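The primary structure of each chain is shown beneath.
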Amino acid sequence: MIVPLVVCCLAPAATLTPTEPEKLIEEGHWKWARAIVEPWIRAKPNDPRANFLLSQIHNAFGDRQSPLPLAEKAVQLDGGTAKYHRQVAEVLGVTAQYSGMVRQLFLARRFKKEIDLALAEDARDLQALRDLMEFYLLAPGIAGGDKDQARAAAQRIGRIDIVAGCLAEARMAEFYKQPAKAEALLRKAVESQPGSYRARIALANYYLAASHRNDALAEKQAREALKIDRGRVDAYAVLAVVYAARADWVEMEAVLANAEREIPDDLTPDYRAAEAMLAAHREVPRAVGFLRKYLAAEPEGNAPTHADARRLAASAATSPAAPPSPST
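Here is what the cut-offs are and how they apply
Residues numbered from 1 in each chain as written. Predicted model: local features only at pLDDT ≥ 70, side-chain atom pairs only at ≥ 80, totals over all residues. Heavy atoms only, no water. Helix = DSSP H or I, 4+ residues; strand = E, 2+ residues; numbered from the N terminus. Buried < 20%, exposed > 50% of the residue type's maximum accessible area, 1.4 Å probe, protein only. Phe/Tyr/Trp six-rings, centres within 6.5 Å; stacked < 30°, edge-to-face > 60°. Lys NZ or Arg CZ within 6 Å of the ring centre and 35° of its normal. Salt bridge = Lys/Arg side-chain N within 4 Å of Asp/Glu carboxyl O. Arc of directions from axis to C-beta. Contact = heavy atoms within 4.5 Å. Core = buried A, V, L, I, M, F, W, Y, C linked by side-chain atoms within 4.5 Å.

Student: Explain unusual backbone geometry here, please?
Tutor: A negative phi angle is the norm for most residues apart from glycine, just as the trans form is the norm for most peptide bonds. Although it is not a glycine, His281 adopts a positive phi angle of roughly 55°. Inspection of the secondary structure assignment puts His281 in the loop between α16 (268-279) and α17 (284-295). Assessed through its relative accessible area of 31%, His281 is described here as partly exposed. Phi is positive for Asn302, which is not a glycine, with a value near 60°. Along the polypeptide, Asn302 turns up in the loop between α17 and α18 (306-316).

Set out below in structure tokens:
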């Protein structure tokens, strides 16, 4: 089991490895990162990195009020760091999702300005380039959207990092409803760097999509991802979906038990298992039990919310019963 040492014994901010919370965030351990950053910012409220990180963390937990002021403060304290401008842009992007059309246009222009500032400071900031690609891909033309520029941003990513480039090009292919091209690019990402957890999970999730579902291949990629890192939740979530859909209750329960042993504060695999069980109209009471368990703990950052779980549980009341399926 991977033990979050930062939770067990919090060190003063000055002694932290500078990238430790960012590494945890990259691995999806938002709660563990929060346990570092909250005491850090209390001790040093004018530390730009602490403000940047807390903005990311609050954003991941669905806070719609504090992330923008925190990100803006990081920029005010240190305007020469690319990722601080990028974080302002990302929060603006989330804010735009909950805004009216006129405000969306204003936010889109400001988003683009902050991403440009980020890339002016660091032209190799891959996340900023991914954000730029998404902006060009999704924004209407009146707000600056440009499909050719989106493709150019994806190509820039590829020149910096082949795996990130393949994933960006695959995103473009899926946007244009080119599943064969997307699969080829995702497979290329895995083949280029077999030890990339992110690439393995991207390919596994591709195989879970309804339009090209292939549970056997999703299972294979998730199992390979587990060999790379047993302390991240994504592979367990994929396997939970596969085994729940297959009605392989023995394997499903084993996966959920392993996930909870390795990552006890993230019950996303239980939620995904329940979701798959209800979609197949199988073992409805057991699925509801998983959702109750999920509701009893705080969700991880960027995970399904309690509101999502309550809606899913409510849908169980109208789920038709299916004949029991034998475990394989």
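Still more ground to cover, so stick around.
Student: Is there a simple way to think about the packing of aromatic side chains in this case?
Tutor: On inspection of all chains with the given rule, the structure shows 6 aromatic pairs. Relative to Tyr84, the ring of Phe52 has its centre 5.2 Å away and its plane inclined at 45°; by these criteria the two rings are tilted. A residue pair is termed long-range when its members are at least 10 positions apart, and Phe52 in helix α4 (residues 48-60) and Tyr84 in helix α6 (residues 82-97) qualify at 32 residues. By relative accessible area, Phe52 is classed as buried at 2%. Note on Tyr271 and Tyr294: the rings are 5.3 Å apart at their centroids and 50° apart in plane angle, and the pair reads as tilted. Of the two residues, Tyr271 is situated in helix α16 and Tyr294 in helix α17; the sequence distance between them amounts to 23 residues. Summarising the burial analysis for this pair, Tyr271 and Tyr294 share the class buried. Taken together, the ring pairs in this structure connect Phe111, Phe135 and Tyr136 into an aromatic cluster. Here Arg34 stacks its cationic end above the ring of Phe61, 4.5 Å away from the centre of that ring.

Student: Explain the pattern of salt bridges here, please?
Tutor: Should their charged atoms come close, side chains of opposite charge can pair. On inspection of all chains with the given rule, the structure shows 18 salt bridges. Linking Asp148 and Arg151 is a salt bridge whose minimum nitrogen-to-oxygen distance equals 3.5 Å. Remark: Arg151 and Asp148 occur in helix α9 (residues 147-160); sequence separation between them is 3 residues, near one turn of the helix. Since its relative accessible area comes to 33%, Arg151 is described here as partly exposed. Note that Lys227 and Glu224 form a salt bridge whose closest N and O atoms lie 3.1 Å from each other. Of this pair, Lys227 and Glu224 are both found in helix α13 (residues 215-228), 3 residues apart, which corresponds to roughly one turn of the helix. Each of the salt bridges in this network shares a partner with another, and the network as a whole consists of Glu22, Arg49 and Lys83.

Student: Please clarify how helix α5 (residues 67-77) should be interpreted in this entry.
Tutor: Spacing of three or four residues puts side chains on the same side of an α-helix, whose turn is 3.6 residues. All buried positions along α5 are accounted for by Pro67, Leu68, Leu70, Ala71, Ala74 and Val75. Projected down its long axis, α5 carries its buried residues within an arc of 165°, all on one side. Those residues of α5 that are buried lie in contact with α3 (30-43), α4, α6 and α7 (101-121).

Student: How should the nonpolar core be read in this particular structure?
Tutor: One finds Met252 and Met277 to be the most contacted residues of the largest nonpolar core, which totals 56 residues. Here this core takes 9 residues from helix α14 (residues 234-246), the largest share from any one element. Filtering out sequence-adjacent residues up to four positions away, Met277 remains in contact with Ala244, Trp249, Met252, Arg282, Glu283, Arg286, Ala287 and Phe290. Of all hydrophobic cores here, the second largest spans 26 residues; its members include Leu53, Leu68, Leu70 and Ala74.

Student: Would you mind showing me how to read the environment of Glu262 here?
Tutor: With respect to the helices and strands, the residue Glu262 is situated in helix α15 (residues 249-262). Residue class for Glu262 comes out buried when judged on its relative accessible area of 9%. Placed 32 residues apart in sequence, Glu262 and Arg230 show a C-alpha to C-alpha distance of 7.1 Å.

Keep in mind these values describe shape, not function.
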